[in-house]
Amino acid sequence: MVLNVLSWILPVFTYYFVGTSLGGNLVESIGVSNYTAFIVIGLAFQGYVSSTITTISQRLRNEQLYGTIEYYVLSSGGVVSFLIYSVLWGFVINTVNAAVTLSIGLILKVHYDVNLLATVIIIFLLLLSTIGFAMISTGFTMIVKQGNPISFFFSTFTTLMSGTVFPVTVLPTLVKDISLAIPLTWALNGLRLSMLYGEGIMQLLNIIEVLVLFNVVLLPLGIGFYSYSFKMARKKGTLSEY
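A quick note: this is a predicted structure, and the numbers were derived from the prediction, not measured.

Colleague: For the overall build of the chain, give the residues involved together with the corresponding values.
Modeller: Within the chain one finds eleven helices and zero strands. Listing every helix and strand of the chain by position from the N terminus yields α-α-α-α-α-α-α-α-α-α-α. Surface summary for the chain: the accessible area is close to 11900 Å², and the carbon and sulfur share equals 69%.

Colleague: So, the packing of aromatic side chains: which residues are in play, and what are the values?
Modeller: Evaluated as defined, the whole model comprises two aromatic pairs. Considering the side-chain rings of tyrosine 35 and phenylalanine 38, the 6.5 Å spacing of their centres and the 15° angle between planes classify their relative orientation as stacked. One end of the pair, tyrosine 35, and the other, phenylalanine 38, are both in helix H3 (residues 35-66), three residues apart, so they sit about a helical turn from each other. Directly above the aromatic system of phenylalanine 38 lies the positively charged group of arginine 192, at a separation of 3.5 Å from the ring centroid.

Colleague: Could you give an account of unusual backbone geometry, naming the residues involved and the relevant values?
Modeller: Peptide bonds are trans in most cases, and residues, glycine excluded, mostly fall at negative phi. Despite not being glycine, lysine 109 shows a phi value in the positive range, around 70°. Checked against the element boundaries, lysine 109 lands in the loop between helix H5 (78-107) and helix H6 (116-144).

Colleague: Outline the side chain of serine 229, supporting the account with residue identities and numerical values.
Modeller: By the element assignment, serine 229 lies in helix H11 (residues 205-236). Discounting chain neighbours no more than four positions away, the residues touching serine 229 are Gly139, Met142 and Ile143.

Colleague: So what's going on with helix H10 (residues 183-196)? Which residues, and what values?
Modeller: In this model, H10 (14 residues) spans 20 Å end to end at C-alpha, consistent with the 20 Å of a helix rising 1.5 Å per residue. Within H10, twelve of the 14 residues are buried, which leaves it mostly tucked inside the rest of the structure. Along H10, the residues that are buried comprise Pro183, Leu184, Thr185, Trp186, Ala187, Leu188, Gly190, Leu191, Arg192, Ser194, Met195 and Leu196. Looking one or two residues beyond H10, the residue adopting positive phi is glycine 198, at roughly 70°.

Colleague: I'd like a description of the environment of isoleucine 121, backed by residues and values.
Modeller: Looking at the element boundaries, isoleucine 121 is found in helix H6. Residues isoleucine 121 and isoleucine 208 lie 87 residues apart in sequence; the distance between their C-alpha atoms is 7.9 Å. Contacts of isoleucine 121, omitting those with residues within four sequence positions, involve Ile201 and Ile208.

Colleague: Quick one: what's the story with the packing of H6 against H10, residue by residue and with numbers?
Modeller: Relative orientation of the contacting elements H6 and H10 amounts to 165°, with a least axis distance of 9 Å. Classed by the angle they form, the pair H6 and H10 counts as roughly antiparallel. Both H6 and H10 take part in a crossing whose hand is left-handed. Facing Ala118, Thr119, Ile122, Ile123, Leu126, Ser129 and Phe133 of H6, the residues of H10 in contact are Pro183, Leu184, Ala187, Gly190, Leu191, Ser194 and Met195. Of the residues belonging to the contact of H6 with H10, the class tally is ten nonpolar, four polar and no charged.

Colleague: Let's hear about the environment of threonine 185: which residues, and what values?
Modeller: Examined against the element boundaries, threonine 185 turns out to sit in helix H10. Separated by 22 residues in the primary sequence, threonine 185 and glycine 163 have C-alpha atoms spaced 5.9 Å apart.

Colleague: I'd love a proper account of the side chain of threonine 164, names of residues and values included.
Modeller: Within the secondary structure, threonine 164 sits in the loop between helix H8 (158-161) and helix H9 (173-179). Within the structure, threonine 164 has its side chain in polar contact with the side chain of serine 162 (distance 3.0 Å). The residues touching threonine 164, leaving out its near neighbours within four places in the chain, are Phe38, Ile39, Gly42, Leu43, Gln46, Thr158, Thr159, Leu184, Leu188 and Arg192.

Each value, and the rule that gives it
Residues numbered from 1 in each chain as written. Predicted model: local features only at pLDDT ≥ 70, side-chain atom pairs only at ≥ 80, totals over all residues. Heavy atoms only, no water. Helix = DSSP H or I, 4+ residues; strand = E, 2+ residues; numbered from the N terminus. Areas by Shrake-Rupley, 256 points an atom, 1.4 Å probe, with all protein chains shown as cover. Phe/Tyr/Trp six-rings, centres within 6.5 Å; stacked < 30°, edge-to-face > 60°. Lys NZ or Arg CZ within 6 Å of the ring centre and 35° of its normal. Contact = heavy atoms within 4.5 Å. Expected span 1.5 Å × (residues − 1). Buried < 20%, exposed > 50% of the residue type's maximum accessible area, 1.4 Å probe, protein only. Axes fitted to C-alpha atoms, helices over the stretch in contact; angles between N-to-C directions. Parallel < 35°, antiparallel > 145°, perpendicular 65-115°, else oblique. Left-handed = near helix turned anticlockwise from the far one by under 90°. Nonpolar A, V, L, I, M, F, W, Y, C, P; charged D, E, K, R; others polar. Polar contact = N/O pair within 3.5 Å; in protein donor to acceptor, adjacent residues only side chain to side chain.

The structure is reproduced here in structure tokens:
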């Protein structure tokens, strides 16, 4: 647990000192008025996506290795119960992560002006989209057994491409266009506005609408692929293979 907390705290201070060493003029030149506040919000909520998706797919991988995945399939809750338990654990641990990171922000003199309703709505929509990606990621793990491009992408590239530690406006055009296809990019933008500047639902309506659209696509896609992967594994008799 101590190592987990350190892994949450150290990146905040790392980027804080990077921003301090660069100087205010350079930071403002990329469109960020307060770099410390910018990275605190980014690091606090990026983990909801990368860690949750990685945790769920890794949990399935472990059950495959231990030979216990069949018990989940044969249980009354089936594969749905496996997903729910894994999602809840990921959300709980990352909520603690977010709370610790935001608290470090207070120590670093970040001023929060939180519009609670708008913040809760955006976080809720972000979590729903994360579930969609997590189900797709878990489905890949069930089918290919080793290697998971979805999990790898979100654990590795979301920090770079979603505006976690610097605005996406500084990215090359092609990479910036890809970043706009990631729900986290929109959610972080909305969370910074709702938590740092107190903007409400009406001001953030465009962001909320985009996040809803992501969920309309991702949730059915995730549910369908998740169910399909388990059905195919059972049909081919590869459920316990790893």
